[in-house]
Structures are given as structure tokens and as C-alpha cells.
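Structure at a glance
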Amino acid sequence: MLFTYFDLFNTTQIIYYQGPNDKKPSIVCTCRLDNLSDTLTKLSEQYKDSDIHLYGN
């Protein structure tokens, strides 16, 4: 699963990945808010995991 805690007040988003056998998520990368969709798409292809979650208020 790829996920981020979506923060509209920060221009940089931190993206995490947690595999099915991982106990804790790991930071995959940071990206600018305007590139978030492209980055998540590329990471989804790279990790072969289409489970994406956006958390936030």
C-alpha cells in the first residue's frame, strides 16, 4: 500500500510504502504537491501495488 498524509499547508508531501509482510511503513520519497498524482502513479507501477491511500483532514 502506498499512502501519504495529505497536507494542504505544505508544498512537499511524504509518500510511504508498506508491503503485505511489512510491520512498519517506510518512506519512499517526497514530492511536490503539484506532482503528487504523477509520482503516485509511477510508484504504483514500480511496486506493482495499486492500493493508494490519501489521509488527511
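Criteria and thresholds
- Residues numbered from 1 in each chain as written.
- Predicted model: local features only at pLDDT ≥ 70, side-chain atom pairs only at ≥ 80, totals over all residues.
- Heavy atoms only, no water.
- Salt bridge = Lys/Arg side-chain N within 4 Å of Asp/Glu carboxyl O.
- Buried < 20%, exposed > 50% of the residue type's maximum accessible area, 1.4 Å probe, protein only.
- Phe/Tyr/Trp six-rings, centres within 6.5 Å; stacked < 30°, edge-to-face > 60°.
- Helix = DSSP H or I, 4+ residues; strand = E, 2+ residues; numbered from the N terminus.

Oppositely charged side chains can form a pair if their charged atoms are brought close together. By the definition in use, this model includes one salt bridge. Taking the shortest distance from any N to any O, the salt bridge between Asp34 and Arg32 comes out at 3.7 Å. Given the relative accessible area of 47%, Arg32 is considered partly exposed.

Aromatic ring pairs: the centre-centre distance and the angle between the two ring planes describe each pair. Per the stated rule, a full pass over the model turns up six aromatic pairs. With 5.2 Å between their ring centres and 15° between their planes, Phe3 and Tyr16 make a pair best called stacked. On the criterion of sequence distance, the pair formed by Phe3 in strand 1 (residues 2–5) and Tyr16 in strand 2 (residues 12–17) is long-range, its members being 13 residues apart. One exposure class covers both Phe3 and Tyr16, and it is buried. Summarising the aromatic geometry, the rings of Phe3 and Tyr55 are spaced 5.9 Å apart at their centres and angled 75° between planes, so their arrangement reads as edge-to-face. One end of the pair, Phe3, is in strand 1; the other, Tyr55, is in strand 4 (residues 52–55), with 52 residues separating them in the sequence.

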